[in-house]
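Structural features, examined
The primary structure of each chain is shown beneath.
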Amino acid sequence: MSAKTTNLIKEIKNPRVRMAPSPTGYFHIGSARTALFNYLVAKKYNGKFILRIEDTDKERSKPEYEADILDSLKWLGLLWDEGVEVGGSYGPYRQSERLDVYEKYLRELVEKGLAYYCFCSPEELEAKKEEMMSRGEVPRYDGHCRNLTEEEVKKKMNDKNPFVIRLKMPEKIITVFDLIRGKVDFDTKLIGDFIIAKDFRSPLYNFSVVIDDHEMQITHVIRGEEHLSNTPKQIALYEALNWTPPIFAHLPLILNPDRSKMSKRFGDVALKDFRKKGYLPEAIVNFLVYLGWHPKEKAGEPINEILTLNEIIEQFDFFRIQKGGAVFNIEKLNWINTEHIKTMPIDELTSHAMPYLKEKFGDALLNDIEFVKKIVELHRTRIKTLAELPEMTSYFFVLPDYDAELLRWQDMSEEEVKNNLDFIYNLLSDLDNQLFTRQQLEAIILPEAEKRGRGKILWPLRVALSGQKNSAGPFEIMEIIGKNETLKRLATAIKKLKENQNNA
Ligand code: GLU
C-alpha cells in the first residue's frame, strides 16, 4: 500500500477489528478505552468486533485475569460479535489453543531461511548488549547465529543446546501508515533480528499477533500508542509470510495530570477499582471516549457532553481521533458520573445500584424492588457514586438505634418533644394509607408545624423516622416507608422518650 493511498483513506467499511488483551493483570482502564474504540468502529461502520485472548505468556497468564477481562467488557456493555465464549468461524480465540497454527508458520519461516535458530546464551547476549551501549549504540542482536551452517545447527541441536527463533530482519526502512498518526518510518538496523518464539510451541507476542490478525482476517488493528514500536516488527513478519498487513491505528497515550504517562501513582488503573468505587459503566464509557476523541460541534447547538453508548455510536467519526496525548482527569469522570446518575432511567439505575446495596444489606431487605427504586430515585441527585448509596440510605432498611436526646430540637423540653410526636402520631393514624403521599402529608402536617414552631415539629419527626442527624426530609421518608412503618418508628421514639423520663 502506498503512502498516497493510505493518506487518502477517509472511509472504513465493514471492518473486522479486535481487542486482544493479555490476561496478565486486572483489566486496565486504558485497555477499556482500546476496547471501546474498537467496538465503536465495528458498530459505526457495520463491522465485527472480535475478542481474542493473548495468553501465550504461560507464567503470567491467569484464569482469574481472563475472567476479569470478560466480566469488565460485559459490564461496560462492549459485547463482542466473535471470540472467546461466543465462538465464530476463525476460532479458537484463545492463543494457548492455537499452538499448532503458530508451529506451522514457525516451521515454514525456518525452512525458507527467513527465520533461524539462535543459540546465544542470556549471558552472552547481556555482555553484547552492554558493549553496544558503551559504544553509544542502540542495543540489538548482532546476528551471531544468523549464518550458522546446517551442520553447526545440527550439532548444537544434538548437544541439546537451548535455542530461540529469530526473524531475519532485512535492512531497510519500514514505513507504518498509521490511520491516526500518518506516516512513521522505522530503520530496521535499530531493531535487528528479534526473537519470534522461544521454541516451536512457545511463540512470542509479535509473532502470534501477526498470525492471528491475518488468520482472523482483521482489517484494522486499533490499539494503544505503546504498541507503535512493535508495528515495524509485525510488518516485517507480514512481508516474510507474503501477507498484506492490516491497517494500523495507534490511539493517543493516556496521560497523568502532570502529562507523564498514566501510572498507578496517580490513582486507580484497574477497571474493577472504578467499579468498586461506584462509577456507572455508562459514565466510564462516556469519559473514556473523550480520551482521544470529541464530537463535532453543530452550529448553533450547545455541546452535550453527556452521552449514552448509543449516542456515542451515532456521533462517532473515527477520523476525529486526535494524535496528542489525552489527560486522565478524575474530576471530569466524577462530573460525568453524577450527570449519568441524575439522568439514567430509574429501572437501569436501580439495577446498577443493587450490587452495592446487596453487599451491605443482603438479599432479604431488598425484595421489594419498588421500595428500592423509590429510595434510589430520592437519592440520585445527592450522590456522586453508587458506593455512597448504602451508607446514605441504610435507615430506610433498618432503623438505627439512637439516643432519645437526638429527638430534641434546641431548647425544647423532653415533655414537649413527646407531646409533639404524640400529636403527629394521632394525626397520621387516622390517615388512609393511600393518602401517604408527600403532598398530602405536607398539607396535613405543615400548618400544624407553623402553629407549634417548624423546628419543634419537623426535627423530632425527622429524627424519629431516620434515627440520625442528617437524612432526607420527613415527608419524603414517610412517603417511601408508608403508614405502618411511619407509625412504628414514631412509637419507638415516643417509647424512648418515656423510658428516659422514667429513668430520670
Ligand atoms: N496482547 C497485547 C496487549 O495486551 C495486544 C496488543 C495488540 O493489540 O496488538 O497489549
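Here goes a summary of the coordinates provided.

Procedures and definitions
Residues numbered from 1 in each chain as written. Predicted model: local features only at pLDDT ≥ 70, side-chain atom pairs only at ≥ 80, totals over all residues. Heavy atoms only, no water. Helix = DSSP H or I, 4+ residues; strand = E, 2+ residues; numbered from the N terminus. Buried < 20%, exposed > 50% of the residue type's maximum accessible area, 1.4 Å probe, protein only. Lys, Arg positive; Asp, Glu negative; His and termini not counted. Salt bridge = Lys/Arg side-chain N within 4 Å of Asp/Glu carboxyl O. Contact = heavy atoms within 4.5 Å. Axes fitted to C-alpha atoms, helices over the stretch in contact; angles between N-to-C directions. Parallel < 35°, antiparallel > 145°, perpendicular 65-115°, else oblique. Expected span 1.5 Å × (residues − 1).

1. Let's talk about the side chain of Arg-462
Its place among the elements puts Arg-462 in helix 18 (residues 454-466). Here Arg-462 is buried and forms no salt bridge, its nearest opposite-charge partner Glu-476 lying at an N-O distance of 8.8 Å. Residue contacts for Arg-462: discarding those within four places in its chain leaves Gly-467, Gln-468, Lys-469, Asn-470, Ser-471, Ala-472, Gly-473 and Pro-474.

2. Some details on the packing of helix 17 (residues 438-452) against helix 18
One way to put it is that helix 17 packs onto helix 18 with a least axis distance of 6 Å and a crossing angle of 125°. On the basis of their axis angle, the class for helix 17 and helix 18 is oblique. Counting all contacts with helix 17, which are made through Ile-445, Leu-446, Glu-448, Ala-449, Glu-450 and Arg-452, the residues of helix 18 involved are Arg-454, Lys-456, Ile-457, Leu-458 and Leu-461.

3. Digging into helix 18
Its 13 residues give helix 18 an end-to-end C-alpha distance of 18 Å, which sits within 8% of 18 Å, the value for a rise of 1.5 Å per residue. The element helix 18 is largely enclosed, with a buried count of ten among its 13 residues. Turning to helix 18, its buried residues are Gly-455, Ile-457, Leu-458, Pro-460, Leu-461, Arg-462, Val-463, Ala-464, Leu-465 and Ser-466. Against helix 15 (389-397), helix 16 (414-429), helix 17 and helix 19 (474-503) lie the buried residues of helix 18.

4. A few points about the pattern of salt bridges
Counting across every chain of the model gives 44 salt bridges. Residues Lys-418 and Asp-422 are paired through a salt bridge, measuring 3.3 Å at the closest nitrogen-oxygen approach. Residue Lys-418 and its partner Asp-422 are located together in helix 16, separated by four residues, close to a single helical turn. What makes Asp-422 partly exposed here is its relative accessible area of 26%. For Arg-438, the salt bridge is made with Glu-442, and the minimal N-O distance between the two is 3.5 Å. Here Arg-438 and its partner Glu-442 are both found in helix 17, four residues apart, which amounts to about one turn of the helix. When its relative accessible area of 36% is taken as the criterion, Arg-438 is described as partly exposed. Residue classification places Glu-442 among the partly exposed residues on the basis of a relative accessible area of 24%.

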